[in-house]
Amino acid sequence: CVCVFVQAEDGIRGLVRSRGLGDVYKRQSDGRSIALAHFGPGDIFGELAMFDDELRSATVQTLDEVDAVAILGADMRRLMRQHPDLAVKLVIGLGRRLREANERLSRQSFQTVQSRVAGVLTQLVEQAQGEGAPEQGVLVTITQAEIAQLAGSSRESASRFLAVLERANVIEQGRGRLTVLDPAALGGYVY
C-alpha cells in the first residue's frame with residue numbers, strides 16, 4: 001500500500017493508504033464538473049489540505065473498492081519534519097502533479113477533442129500496463145462521461161470519437177468499460 005493524502009467530506013484532513021481507482025473532480029455552481037485527475041494505487045490526491053486549513057477544493061469519487069486509513073494533516077506535517085525524506089517524496093509528487101496539470105491545460109488549449117480523448121486513453125493504458133495489464137487488449141474500467149471529463153470535452157463529443165475508434169478496431173466498448181485493442185494506434189490520433 002502507498003500513502004495518499006486526502007480530505008474527507010466532513011472536513012477531516014488526513015493521509016490515506018489506498019488501493020483501487022478513482023477520479024478527482026471539481027463541480028461548478030451551475031452543476032458542470034471537470035475531472036482534475038484519474039488516480040490509482042500509489043497516486044497522491046487531496047494533498048492541498050496538508051498545507052492549509054482550507055476545506056477541500058475537489059471531490060474524490062472511487063471507481064472500485066478502495067481500502068483507506070486516515071492520518072490527520074497536523075500529524076503528517078509533524079512526520080515530514082521528523083523525516084525529511086518523506087517531505088522530499090511528497091514535493092516530488094506535487095511537482096509531478098503540477099507538471100501534469102500544465103500538460104492538461106496545454107492540451108485543452110491547443111488540441112482537438114479527438115486528440116485529447118486519445119491522449120486520455122493512452123494515459124489510462126499506460127497506467128493499466130504499469131499495474132500488469134498486457135500490451136494488447138488492455139481493459140480500462142471507465143465510462144464515456146468520465147473519459148469526457150478527463151479530456152475536458154462533452155460526453156457527446158467524446159462518444160462520437162470513441163465510435164470512430166471502435167469502427168477502426170482500436171477499441172471495443174462495453175457498459176462502464178473499454179478495451180483498447182491496439183494501444184499503439186492511439187498515438188496516430190494524438191497531435
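Note: the structure precedes this text.
Just so it is clear, the structure is predicted and the values come from calculations on it, not from any experiment.

(A) Up close: helix α4 (residues 144-151). For α4, the set of buried residues is E146, I147, A148, L150 and A151. One or two positions beyond α4, positive phi appears at G152, with a value near 70°.

(B) Representation of the packing of helix α1 (residues 73-82) against helix α2 (residues 84-110). Their axes nearest at 5 Å, the elements α1 and α2 cross at an angle of 115°. Between α1 and α2, the angle falls in the class roughly perpendicular. Residue-level contacts link M76, L79, M80, R81 and Q82 of α1 to P84, L86, A87 and L90 of α2.

(C) Highlighting helix α5 (residues 155-167). Taking 1.5 Å of rise per residue, the 13 residues of α5 would be expected to cover 18 Å, and the 18 Å separating its terminal C-alpha atoms lies within 8% of that figure. Within α5, the full set of buried residues consists of A158, F161, L162 and L165. Buried residues in α5, looked at end-on, bunch into an arc of 105°, giving them a common side. In α5, those exposed residues whose orientation departs by more than 90 degrees from the buried face are R160 and R167. Note on α5: the residue one or two positions beyond its end, N169, has a positive phi of about 60°.

(D) Seen up close, the sheet that holds strand β7 (residues 138-140). On the basis of which strands lie adjacent, the open sheet formed by three strands has the order β7-β9-β8 and antiparallel pairing. Edge positions in the sheet fall to β7 and β8 (171-174), since each has one partner strand and no second. For this sheet, the mean angle separating the axes of adjacent strands, direction not counted, is 20°. The pairing of β8 with strand β9 (residues 177-180) spans four bridges and is classified as antiparallel. By the bridge assignment for β9, I171 is matched with V180. Helix α3 (residues 113-130) rests against β7, β8 and β9 of the sheet, and its axis sits at about 110° to β7.

Definitions and limits used
Residues numbered from 1 in each chain as written. Predicted model: local features only at pLDDT ≥ 70, side-chain atom pairs only at ≥ 80, totals over all residues. Heavy atoms only, no water. Buried < 20%, exposed > 50% of the residue type's maximum accessible area, 1.4 Å probe, protein only. Helix = DSSP H or I, 4+ residues; strand = E, 2+ residues; numbered from the N terminus. Axes fitted to C-alpha atoms, helices over the stretch in contact; angles between N-to-C directions. Parallel < 35°, antiparallel > 145°, perpendicular 65-115°, else oblique. Contact = heavy atoms within 4.5 Å. Expected span 1.5 Å × (residues − 1). Arc of directions from axis to C-beta. Pairing = 2+ DSSP bridges.

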